[in-house]
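Reading the structure
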Amino acid sequence: MQFDIIENPHPVAQDRRREILADPGFGVHFSDHTVIIDWTDDGDGGSWHDARVEAYGPIALDPAASVLHYAQEVFEGMKAYRHADGGVYTFRPRANAARMNRSAARMALPQLDEEAFVESLEQMLAVDSSWVPEGEGAALYLRPFMIATEAFLGVRPAREVSYRVIASPAGNYFGGELKPVRIWVSRDFTRSGPGGTGAAKTGGNYAGSLAAQAQAAEHGCDQVLFLDPLHENAVEELGGMNVFLVTSDGRLITPQLTGTILEGVTRDSVIQLAQDRGLAVEERRVTLDEWARGIEDGTIVEAFACGTAAVITPIGELVDGETTIASPGTGEVTASIREELLGIQTGAVADRHGWMHRLA
Ligand SMILES: *Cc1c(COP(=O)(O)O)cnc(C)c1O
């Protein structure tokens, strides 16, 4: 794909950028550029056009743009790390490209070539590689997304769509050490249901999770655990992370993909790394009861959540209404799979599965 490149005439001053990169936080600062590819359907099935790199800045949208009313949008999240060889690498970008297309199909948005998706990330890094922070666990977070821009209040798939990439420097998500998180078990809200949009990475799922997240915060919890009340409160996932349990005899249990949970690239990679070590991985229905009983009788010895932003985070406590179930702290399996995965991503551990892709 041919990209026009219009460099930002007013990039962030070098001193200011250095200041930001020294303490980037998460999702609050953005690099100098954005990548854009537009899509229009003139009754010909639609095509992508006007691929370009521009200065980062506000989007001019018609107030009737469908994304603003009917939330027709999907997004992705990935990280780019600077390795010791000076190159900037990202993790399994084709898996994200394929997932964006599955999400897009569910939300009646167009398919974008995997090649064009990967190229859009390369274009981003070609202009903004100076925004990749250095330091333990720090990365440039990449946020590709697709929005329905057509000005039309009728309800049907939009005929004008925009795909974009923005980039945001990110520090170590939970600040270095592995601090186990406190999880709020949501009994009032679910995230998804059969035939719904749970498997799509789409903004509406997040909008629907915010009230539950607010309840979690009120109860001093960091994250929400969503259940499937139609199946004896089977464990689904957190608002933006998949869940694993580790048994005392060295098995990993994670909820199977039934269409109501999001298929994490991290989840898939953890399964692979666990199997490489000879650990059995069970993808199956696991209820909150089984989890609680397992903690009590010592058969479940670790639990962790995983996703791109935080990589792997141990789960410390489950708060279920008045009851608090203390999960054992950071276990060995959690810590060592995390170390290996993060090592592959940052270039400290050999990439035996060919997961890393050089962007710049
Ligand atoms: C993005 C996301 C995840 C994690 O996916 P990764 O590819 O591992 O980052 C898990 N659950 C939800 C709901 C998500 O949106």
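Just so we're clear, the structure is a prediction, and the values are computed from it rather than from any experiment.

Let us look at the pattern of salt bridges. Enumeration over the complete set of coordinates arrives at 22 salt bridges. Several salt bridges share partner residues, and in doing so they unite D249, R251, E282, R284 and E290 into one network.

Lining the immediate surroundings of the ligand are 15 residues, of which K201, Y206, E237, T266 and T308 lie closest. Isolated, the ligand exposes 380 Å² of accessible area, and the fraction of that covered by the protein chains is 97%. A class-by-class count of the residues in the shell around the ligand yields 4 nonpolar, 7 polar and 4 charged.

Further remarks concern unusual backbone geometry. Of note, the phi angle at A71 is positive, near 55°, even though the residue is not glycine. Tracing the chain through its elements places A71 in the loop between helix 2 (66-70) and strand 4 (73-75). Of the residues examined, A71 reaches a relative accessible area of 32% and is grouped as partly exposed. One non-glycine residue, V311, lies in positive phi territory at about 60°. On the secondary structure map, V311 appears in strand 16 (residues 311-320).

The next point concerns helix 4 (residues 114-128). Since the α-helix advances by 3.6 residues per turn, residues separated by three or four positions end up pointing in the same direction. Compared with the 21 Å implied by 1.5 Å per residue over 15 residues, the 21 Å span of helix 4 between its first and last C-alpha is a close match. Looking only at helix 4, the buried set comprises A116, F117, V118, E119, S120, L121, Q123, M124, L125 and D128.

A word on the packing of aromatic side chains. As enumerated under the stated definition, the model contains 6 aromatic pairs in all. Taken together, a centroid distance of 5.3 Å and an interplanar angle of 5° make the contact between F30 and Y56 stacked. Of this pair, F30 sits in the loop between helix 1 (14-22) and strand 2 (33-40) while Y56 sits in the loop between strand 3 (47-55) and helix 2, and the two are 26 residues apart along the sequence. Given the relative accessible area of 33%, Y56 is considered partly exposed. A ring pair is formed by F75 and Y206, whose centres lie 5.4 Å apart and whose planes are at 65°; its orientation type is edge-to-face. Note that F75 is positioned in strand 4 and Y206 in helix 5 (residues 203-218), a separation of 131 residues in sequence. Look at F75 and you get buried, because its relative accessible area is 9%. For Y206, a relative accessible area of 29% translates into the label partly exposed. The ring of F152 carries the charged tip of R156 above its face, separated from the ring centre by 4.0 Å.

Looking at the protein, the domain boundaries give domain 1 (4-170) and domain 2 (181-346). Domain 1 and domain 2 are separated by 27 Å when their C-alpha centres are compared. If you look at the interface, domain 1 gives 22 residues, while domain 2 gives 23 residues. Contact between domain 1 and domain 2 buries roughly 1,900 Å² in total, counting both sides, with carbon and sulfur atoms accounting for 58%. By the criterion of area lost to domain 2, the three top residues of domain 1 are F75, F91 and R99, representing 32% of everything that side buries. At the surface where domain 1 touches domain 2, the tally comes to 2 salt bridges. Seen at the junction of domain 1 and domain 2, the total is 13 residue pairs in polar contact (both at pLDDT 80 or more). Contributions of two or more residues to the side of domain 1 that touches domain 2 are made by strand 4, strand 5 (78-82) and helix 3 (93-106).

A regular strand carries its side chains on alternate faces of the sheet. With 10 of 11 residues buried, strand 8 (residues 160-170) is to be regarded as a mostly interior element. Bridge count between strand 2 and strand 8: 6 bridges; the pairing is antiparallel. Each bridged residue has a counterpart across the sheet, and for T40 the counterpart in strand 8 is E160. Note: strand 7 (residues 139-148) against strand 8, 10 bridges, orientation antiparallel. When the sheet's bridge partners are listed, L140 is paired in strand 8 with P169.

Calculation notes
In this numbering scheme, every chain counts its residues from 1 along its sequence in written order. Only residues with pLDDT of 70 or above have their local features reported here, since the model is predicted, and side-chain atom pairs are shown and tallied only from 80 upward, although totals for entire chains, interfaces and linings are computed over all residues. Hydrogens and water are ignored here; the side-chain numbers use all heavy atoms of the structure. Salt bridge, as used here, is a side-chain nitrogen of Lys or Arg placed within 4 Å of a carboxyl oxygen of Asp or Glu. For each residue, the test is whether any non-hydrogen atom lies within 4 Å of the molecule or strand; if one does, the residue is near. Note on areas: Shrake-Rupley with a 1.4 Å probe; residue coverage comes only from the protein chains shown. Ten residue types, Ala, Val, Leu, Ile, Met, Phe, Trp, Tyr, Cys and Pro, are classed as nonpolar, four, Asp, Glu, Lys and Arg, as charged, and the remainder, Gly among them, as polar. The numbering of helices and of strands both runs from the N terminus, where a helix is a DSSP run of H or I of at least 4 residues and a strand a run of E of at least 2. Only protein chains enter the accessibility calculation, which uses a 1.4 Å probe; a residue is then buried when its area is under 20% of its type maximum, exposed when over 50%, and partly exposed in between. Multiply 1.5 Å by the residue count of a helix minus one, and that product is the helix's expected span. Aromatic rings from Phe, Tyr and Trp, with only the six-membered ring used for Trp, were paired whenever their centres fell within 6.5 Å, and each pair was classed as stacked if the ring planes differed by under 30 degrees, edge-to-face if by over 60, and tilted otherwise. Think of it as a cone above the ring: NZ of Lys or CZ of Arg counts as a charge over the ring if it is within 6 Å of the ring centre and within 35 degrees of the ring normal. An automatic or database domain assignment is the source of the domain bounds shown. We call two residues in contact whenever any of their non-hydrogen atoms come within 4.5 Å of each other. As a working definition, buried area equals the accessible area (1.4 Å probe) given up by two parts on being put together, with both sides summed. Whenever a nitrogen or oxygen atom comes within 3.5 Å of another N or O atom, the pair is scored as a polar contact, on the condition that within protein one atom can donate a hydrogen and the other can accept it, and that pairs from neighbouring residues in sequence are kept only if both atoms are in side chains. Two strands pair under a simple rule: DSSP has to find at least two bridges between them.

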